[in-house]
Amino acid sequence: MAAVADTQLMRTVGLIEKDTNGDILWVWCYPSISAELRGLLLRKCCLAHENKGLHPFLFGQFKRTWFYIAAMHVPDPAALSKVTHFWIVLTAKDFNPEKYGAFTRILCRMYLKHGSPVKMMESYISVLIKGACQSEENGSFLSADYDAKKAYLAGSIKDVVSQFGMETVILYTALMLKKRVVVYHPRIEALQEFTRVLPALAWHRQDWSILHPYVHLTEEETEALKDCTGYVAGFTDSDVSNRPDLYDVYVNLVDSEITVTQTAKEALTLGKLHKDIGQLIVQSAEDPEKSENQVIKDISSKTREILTTLASFANASAEREKPTVNFEALKQKRLAPATENFLYHLAAAEQMLET
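About the criteria used
Residues numbered from 1 in each chain as written. Predicted model: local features only at pLDDT ≥ 70, side-chain atom pairs only at ≥ 80, totals over all residues. Heavy atoms only, no water. Helix = DSSP H or I, 4+ residues; strand = E, 2+ residues; numbered from the N terminus. Rg over C-alpha atoms; globule rule 2.2 N^0.38 Å. Buried < 20%, exposed > 50% of the residue type's maximum accessible area, 1.4 Å probe, protein only. Lys, Arg positive; Asp, Glu negative; His and termini not counted. Charge placed at Lys NZ, Arg CZ, Asp CG, Glu CD. Salt bridge = Lys/Arg side-chain N within 4 Å of Asp/Glu carboxyl O. Pairing = 2+ DSSP bridges. Axes fitted to C-alpha atoms, helices over the stretch in contact; angles between N-to-C directions. Contact = heavy atoms within 4.5 Å. Core = buried A, V, L, I, M, F, W, Y, C linked by side-chain atoms within 4.5 Å. Right-handed = clockwise from strand over helix to strand, strands pointing away. Parallel < 35°, antiparallel > 145°, perpendicular 65-115°, else oblique. Nonpolar A, V, L, I, M, F, W, Y, C, P; charged D, E, K, R; others polar.

(A) Molecular detail of the overall build of the chain. Of the regular secondary structure elements, the chain holds 13 helices and 12 strands. In terms of overall dimensions, the chain is globule-like: its C-alpha atoms have a radius of gyration of 23 Å, near the 20 Å expected for 355 residues. Seen through its C-alpha atoms, the chain measures out along the principal axes to roughly 75 × 45 × 45 Å. Among the 355 residues that make up the chain, the fraction classed as buried is 52%. Counting 39 positive and 44 negative side-chain charges, the chain places the centres of these two groups 3 Å from one another.

(B) Region of interest: the pattern of salt bridges. Here the structure, examined in full by the defined rule, presents 15 salt bridges. Among the salt bridges present, the one from R196 reaches E98, with a minimum N-O distance of 2.9 Å. Linking R196 in the loop between α8 (188-195) and β9 (211-215) with E98 in helix α3 (residues 97-114), this pair joins segments that are 98 residues apart in sequence. We classify R196 as buried; its relative accessible area is 8%. For E305, the salt bridge identified is with K302, shortest N-O distance 3.0 Å. Of this pair, E305 and K302 are both found in helix α11 (residues 292-312), 3 residues apart, which corresponds to roughly one turn of the helix. A residue is classified by how much of its surface remains accessible, and K302, at 14% relative accessible area, is buried. Here the residues in one salt-bridge network are R43, K44, E220 and E221, joined through shared partners.

(C) The sheet that holds strand β10 (residues 231-235), seen in detail. Sheet architecture is open: 5 strands sit in the order β9-β10-β8-β11-β12, paired in mixed fashion. Each end of this open sheet is capped by a strand with a single partner; those strands are β9 and β12 (257-260). Adjacent strand axes in the sheet meet at a mean angle of 15° when their direction is disregarded. As defined by bridge partners, β9 adjoins β10 across 3 bridges and the pair is classed as parallel. Bridge pairing in β10 links L211 to V232. Relative to β9, helix α9 (residues 219-226) is tilted by about 165°, and along the sheet it contacts β9 and β10.

(D) Representation of the nonpolar core in the model. In terms of nonpolar packing, the biggest core is built from 86 residues, with L171, V181, L198, V249 and V251 touching the most fellow members. Ranked by residue count, the leading element in this core is α3, at 8 residues. If sequence neighbours within four positions are ignored, L171 has contacts with V160, V181, F194, L198, L201, V249, V251 and I258. Within the second largest apolar cluster, 20 residues are counted, among which are C45, C46, A71 and Y214.

(E) Focus on the environment of S284. The topology assignment puts S284 in helix α10 (residues 272-286). In this structure, the C-alpha to C-alpha distance between S284 and D94, residues 190 residues apart in sequence, is 30 Å. Residues within four places of S284 in sequence aside, it is in contact with K290, Q294, V295 and D298.

(F) Here's a closer look at unusual backbone geometry. The omega torsion across Y30 and P31 is -10°, close enough to zero to call that bond cis. Here P31 lies in the loop between β2 (24-30) and α2 (35-52). Positive phi outside glycine occurs at R334, with the angle close to 50°. Structurally, R334 can be placed in the loop between α12 (327-331) and α13 (337-349).

(G) Fine view of the environment of A329. Along the chain, A329 falls in helix α12. You can call A329 partly exposed: its relative accessible area is 22%. Residues A329 and M72, spaced 257 residues apart in sequence, show a C-alpha to C-alpha distance of 60 Å.

(H) Layout of the pairing of strand β3 (residues 57-62). Burial analysis of β3 places 6 of its 6 residues in the buried class, the great majority of the element. What you see with β3 is no split at all: F57, F59 and Q61 on one side and L58, G60 and F62 on the other are buried throughout. Connecting β3 to the antiparallel partner strand β4 (residues 65-73) that follows it, the hairpin turn spans 2 residues, and K63 within it adopts a positive phi of roughly 50°.

(I) Structural context of the pairing of β9. With 5 of 5 residues buried, β9 lies mostly within the body of the structure. In this fold, β9 hands off to α9, which returns the chain to β10; that crossover is right-handed.

(J) Highlighting the packing of α11 against α13. At a minimum axis separation of 11 Å, α11 and α13 run at an interaxial angle of 85°. If you check the angle between α11 and α13, you find them roughly perpendicular. Facing I306, L307 and L310 of α11, the residues of α13 in contact are F342, L343, L346 and A347. Its residues placed into classes, the contact of α11 with α13 shows 7 nonpolar, no polar and no charged.

Keep in mind that these numbers describe shape and distance, not what the molecule does.
Here it is, written out as structure tokens:
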């Protein structure tokens, strides 16, 4: 099963080097990579390196392709005489930083020792075909050890709640309604740790394709982002705060501030239901007896309860897969305005709104 999965998931392995002249160049890739993605990945390596030194591991997404970048400084002496740094790049269809982080570290050690991509390609093909590669010197890798659900649960929802408290419910509401959330922090690692957790707030979807943890303010990347319905996007450039065309909710991690844009305020109006959800999230997250997984389960249970309520207002139809909610019927329930508003927008997000 692992072999089939990896054949379907991994796309490309590549190598970028920085030489003693300071030039950063693509050196090799297998089997191939588009010019667009090649340019983007080169930029990720260059900008990360120039701004903040060497980052051991980065990950992100561009147009439904995940990229994982491991960086290494070349000590002297080594097999790579004219190289000061190099980056191993893997592209794949799935979100799994732990899996690809482990594999790229092995590939880095191989390249550092041999100074040739041949051994890397052999290991890549081995994982592609067998789901594993073995090396006494550089460590073994077994793809089956890295379950997708483990990657979804690897972040800390408790840390998010510790930082934002009751305001976490704004993030919950935004995720439930498939809104655009932009997160700013100058440190890439902080961005990646925080943003990777947020899709878990809408656990019933288990959709990490909405995550774009490392985005630059280039036209190419922002236009690709705008093609997405809703997302969580991370930026290290504070100028993103001046781009309200990119977000409904802006999270400044440095100042622990969450801002809702004027255009999104109507959909994100909070009421008693949101207060109840917020209290549940905070109480669960602050309970020292509860694990991260249990906090996610508690939030997910509340979500299921809300979706069950919404479904009870719906009309079943043989023509549609999902029951649909009629807005007039929803108004007749005489719910609190904020609750009615939330359920209306939630029905739209869940494709349950009768049109």
